[in-house]
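# Coordinate inspection notes
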Amino acid sequence: MKNISETDPLLTPFRLKHLTLRNRVMITSHEPAYPEDGMPKARYRLYHEERARAGVALTMTAGSAAVSRDSPPVFNNILAYRDEVVPWIRELTDACHEHGAAVMIQLTHLGRRTTWNKGDWLPAVSPGPHREPAHRAFPKVLEDWDIARIIEDYAAAAERMQAGGMDGVELYAGGHLMDQFWSPLTNTLTGPYGADTLENRIRFTTDVLTAVRKRVGPDFIVGIRATADEMQTGGITEDEGIEIGRMLKASGMVDFLNVNRGRIHTDPAMTKMIPIQGMRSAPHLDFAGRIRRATGLPTFHASRIQDVATARHAIAEGHLDMVGMTRAHMADPHLLAKIIEGREDDIRPCVGANYCLDRIYQGGMALCLHNAATGREETMPHTIIPALTRRTVVVVGAGPGGLEAARVAAARGHAVTLLEAASGPGGQVRLTARSPRRSEMMGLIDWRVAQCEAAGVDIRYNTYADAGDVTALNPDVVIVATGGMAHTMLFETDTDLPLAVTSWDILSGDVAPGSDILIYDEAGDHAGLQAAEVALGAGAKIEIMTPDRSFAPEVMAMNLSRYMKALQHNDVRFTIAQRLVGLDRVGNRLRATLGTDYSDRVTHAEYDQIVVNYGTMPLDELYFDLRPLSQNGGAVDHAALIDGRQQSIETNSDGAFQLFRIGDAVSSRNTHAAIYDALRLIKDL
């Protein structure tokens, strides 16, 4: 009988020049924003090493490692122009090589896709004067000496990466300087690098390749990740993209092509190139296959290929030579190991929430909504270690935090009972998933339920637990994960708004949308905009109002673009910097009293319905009922929690159990916070 590695297309090796890649799955270049002082230190290394250990063939590090000082990092990129990067690169590559994975790095100059007020405060540069909307800098138009300087910067950076033990480099031409030369939309130069001929448009690229080859030699692997079709009138066309690929192959200096499609100069454009939740899976896969067949170059590609079946199809049908599953590996770094071991059903699915990328583009580090250990490999485990002593654990609440607590406790070997008041699991996620575009969010819940059931967790639905129900189970530890309840209080007052409804009321279907609605969004999260989508679908006229200077800041850029696509409508108006300060009834209408944080101005407006989105208040009655019965009074030793030590506070010697609460039962936060609460507390239980 053949083993799985002989029959699965994903597990067949691929020969790239002199390098044999052990399977067909790779992590494409991306910048999780983990560097310290521009260097890929321990956090960065451990992130890639975890995935190398689990079997990925190639990990492509550093989305946008900067080759020049006038390409300042906009989200904590690796600084490839510094000599001191070499030993850190060597440490990273050695660690991944030890586990059998190949390692490469993406090098780039951002061109206009940066800003002038970071790094050394040098002007952004580009072959044209137009700013990139996403980063807002008006670039200096490149002079000949700028071009010559940057070409040598690429070559020097590639030489540093070779010295650091990398298997190869990838030059990026997907919204950065290199393809700003390629595109007639961004190249206004005349002369040898001008936009008048395709040969001139790619001359900068071929000059860079020539300089790189002089430094690293003919055997070092050099590829290009390229936009082969900008999907915009006046931009690079598919035919031009194919011709560029053929020209690059003919140069003899390019070993692979990593295919992109689209642009990244605005949030909605980026979301087409890098699709998110609710969008089509693998939308550019067939296109990448056409490029592969037309150019004959080894072809890589990644664009929402989040499941194994699609990845397998990409290889089996000859669309790709290597398939990128980058966000999928953020959700489950052990994806390859589970394929090899025949445990595909055990893979933690990427649900496309895009918390990872959205955090980066808002200036944070990449974190996975689903997997709180991703990016925290220094302190959080991907594999749970069994406890030395088996304990009885009761978890109350089967939302994402409660399910994670039950999952981790069971993996530790504890006896776990999970009590849930509703008829099924999910908590607030069930409301979120009622929107068709966000239905994939249930993957967070379904995976954890399956993990709990496989580990023998006793899950009891339709159980509205009180203190007596909990103590009857004789627990050693109680985790209260009862979540919160949407509320309608006015800011910094005790004034409730009985005439208003909540975003949850609209999402659940408990309240039908009115015909003329104010959605007052003080939380700035998904629920307010989801309620607006539901109301618009019901034919309502809507005003979305926030006291902030921008709306829905918790949703972040790429997710926000999908809401904007739906809500840019004649019947939707957006109002910022207005605060709801009062509400009363006038006839059969509701009158809102509106103020602002910027002055004493007060106005009034009338609506049929007012929907308030102001987070949640903890459902903490059970927690406070249990506190007097507990050993620790609910107290958490924060130092122990952060340092990864067991909780040992004992303020009540007569207490029968330790008591903790997590997630929205503590305060209104988000799904990732609830999951992280559970993992870092229970992993040491």
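As annotated in an unreviewed UniProt entry, the protein chain carries the name 2,4-dienoyl-CoA reductase and is attributed to Loktanella salsilacus. In UniProt, the protein chain has this text filed under Sequence similarities (unreviewed entry): "In the N-terminal section; belongs to the NADH:flavin oxidoreductase/NADH oxidase family."

Let's shift gears to the UniProt feature "domain: NADH:flavin oxidoreductase/NADH oxidase N-terminal" (unreviewed entry) in the protein chain. Per the UniProt record, "domain: NADH:flavin oxidoreductase/NADH oxidase N-terminal" (unreviewed entry) is annotated on residues 10–345. Between the first and last C-alpha atoms of residues 10–345 the distance is 16 Å; the span itself is 37% helix and 16% strand.

By definition, the strands of a sheet pair up through backbone hydrogen bonds, in either a parallel or an antiparallel sense. Taken in spatial order, the three strands of this open sheet run 22-23-24, and their pairing is antiparallel. Whereas interior strands pair on both sides, the edge strands pair on one side only; in this sheet they are strand 22 (579–586) and strand 24 (599–607). On average, adjacent strands in this sheet sit at an angle of 20 degrees to one another, irrespective of strand direction. The pairing of strand 23 (residues 589–596) with strand 24 spans six bridges and is antiparallel. Across the sheet, the residue bridging to Leu 594 is Thr 603, located in strand 24.

Attention now goes to the sheet that holds strand 9 (residues 221–227). With parallel pairing, the eight strands of this closed barrel are ordered in space as 3-4-5-8-9-10-11-12. Within this sheet the neighbouring strands show an average axis-to-axis angle of 25 degrees, counted without direction. Relative to strand 5 (residues 102–108), strand 4 (residues 58–66) runs parallel, the two being bridged by six bridges. Among the inter-strand pairings, Ala 65 is bridged to a residue of strand 5, identified as Leu 107. Against the sheet, helix 4 (residues 144–163) makes contact with strand 5 and strand 8 (168–173), and its axis sits at roughly 160 degrees relative to strand 5, the strand it touches most.

Attention now goes to the UniProt feature "domain: FAD/NAD(P)-binding" (unreviewed entry) in the protein chain. Sites flagged by UniProt as "domain: FAD/NAD(P)-binding" (unreviewed entry) map to residues 392–675. Split by type, residues 392–675 is 29% helix and 26% strand. Its first and last C-alpha atoms lie 21 Å apart.

Right, let's get into helix 2 (residues 42–53). With 12 residues, helix 2 should reach 16 Å at 1.5 Å per residue; the first-to-last C-alpha distance of 16 Å fits that figure. If you check which residues of helix 2 are buried, you get Arg 43, Tyr 44, Arg 45, Tyr 47, His 48, Glu 49, Glu 50, Arg 51 and Ala 52. Buried residues in helix 2 make contact with strand 3 (25–27), strand 4, helix 3 (85–98) and helix 12 (326–331). At the C-terminal side of helix 2, Gly 55 shows a positive phi close to 120 degrees.

Counting residues in hydrophobic clusters, the biggest one holds 101 residues, and the most contacted among them are Ile 105, Leu 107, Leu 171, Trp 182, Phe 204 and Ile 224. Take this core: its biggest share by element is eight residues, from helix 4. Among all residues touching Ile 105, those that are not within four sequence positions of it are Met 60, Thr 61, Ala 62, Ala 65, Ile 78, Ile 89, Met 161, Met 166, Gly 168, Val 169 and Glu 170. Ile 384, Val 408, Met 441 and Phe 660 belong to the second-largest nonpolar core, a separate cluster that totals 44 residues.

Parameters at a glance
- Residues numbered from 1 in each chain as written.
- Predicted model: local features only at pLDDT ≥ 70, side-chain atom pairs only at ≥ 80, totals over all residues.
- Heavy atoms only, no water.
- UniProt positions renumbered as here; feature names shortened; annotations may be inferred.
- Helix = DSSP H or I, 4+ residues; strand = E, 2+ residues; numbered from the N terminus.
- Pairing = 2+ DSSP bridges.
- Axes fitted to C-alpha atoms, helices over the stretch in contact; angles between N-to-C directions.
- Contact = heavy atoms within 4.5 Å.
- Expected span 1.5 Å × (residues − 1).
- Buried < 20%, exposed > 50% of the residue type's maximum accessible area, 1.4 Å probe, protein only.
- Core = buried A, V, L, I, M, F, W, Y, C linked by side-chain atoms within 4.5 Å.

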